[in-house]
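Inside the fold
Listed below are the residues making up each chain.
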Amino acid sequence: MTKKEKKEANLRGVNLRGANLSEADLRGADLRVADLREADLRVADLREADLREADLRGANLRGANLSEADLRGTDLRGTDLMNCKFYGKWWTSKLTKEQVPVFLEALWFIIED
């Protein structure tokens, strides 16, 4: 599969509950409304993926790369997000005070003054 084809992968609404997708290259994939409950997505490449309204309850996303992924409306209850990369270098576990608002906005939190 070419890089262009990967970016156009349409997995919208698919049932991948409990699937082993560890280390999968899902960069730019359309996973809107997908059922990913209890899926193993450890160290998966989900950069630029569209995960809007996806169900990730209980999924293992430990070490996954979620840089620039769209997580609006995604259900993350019980999801393992340890060492996930939302931006920056891999395995960075500390944020500076200046980075906290940017990090929360990347997760679609609304920051009020």
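These numbers come from a predicted model, not from an experiment. (Residues numbered from 1 in each chain as written. Predicted model: local features only at pLDDT ≥ 70, side-chain atom pairs only at ≥ 80, totals over all residues. Heavy atoms only, no water.)

1. Re the overall build of the protein chain
Secondary structure summary: the protein chain contains two helices and zero strands in total. Within the span of the protein chain, comprising 113 residues, buried residues form 35% of the whole. Residue pairs at least 24 apart in sequence account for 6% of intrachain contacts in the protein chain once pairs closer than 6 positions are excluded. Of the roughly 7,300 Å² of accessible surface on the protein chain, a fraction of 50% belongs to carbon and sulfur atoms. (Helix = DSSP H or I, 4+ residues; strand = E, 2+ residues; numbered from the N terminus. Buried < 20%, exposed > 50% of the residue type's maximum accessible area, 1.4 Å probe, protein only. Contact = heavy atoms within 4.5 Å. Areas by Shrake-Rupley, 256 points an atom, 1.4 Å probe, with all protein chains shown as cover.)

2. With respect to the nonpolar core
Core analysis: the biggest nonpolar cluster contains 23 residues, and Leu41, Leu46 and Leu51 have the highest contact counts within it. In this structure Leu41 touches Leu21, Ser22, Leu26, Leu56, Asn60, Leu61 and Ala64, once residues within four positions along its chain are discounted. (Core = buried A, V, L, I, M, F, W, Y, C linked by side-chain atoms within 4.5 Å.)

3. Some points on the pattern of salt bridges
Inspection of the entire model under this criterion finds 15 salt bridges. Arg32 is the partner of Asp30 in a salt bridge, and the nearest nitrogen-oxygen pair spans 2.5 Å. Residue class for Asp30 comes out buried when judged on its relative accessible area of 13%. Here Asp50 and Arg52 are joined by a salt bridge, their closest N and O atoms 2.6 Å apart. Through salt bridges that share partners, Asp30, Arg32, Asp50, Arg52, Asp70 and Arg72 make up one connected network. (Salt bridge = Lys/Arg side-chain N within 4 Å of Asp/Glu carboxyl O.)

4. So, the environment of Asn65
Within the secondary structure, Asn65 sits in the loop between helix H1 (3-7) and helix H2 (99-106). Once the C-alpha coordinates of Asn65 and Phe86 are considered, the two residues, 21 residues apart in sequence, prove to be 6.4 Å apart. A distance of 2.9 Å separates a polar atom in the side chain of Asn65 from a polar atom in the side chain of Ser67. (Polar contact = N/O pair within 3.5 Å; in protein donor to acceptor, adjacent residues only side chain to side chain.)

5. Re the environment of Glu53
Within the secondary structure, Glu53 sits in the loop between H1 and H2. Sequence separation between Glu53 and Asp70 is 17 residues; the distance between their C-alpha atoms is 9.5 Å. Dropping the residues within four chain positions of it, Glu53 is found in contact with Val33, Arg72, Gly73 and Thr74.

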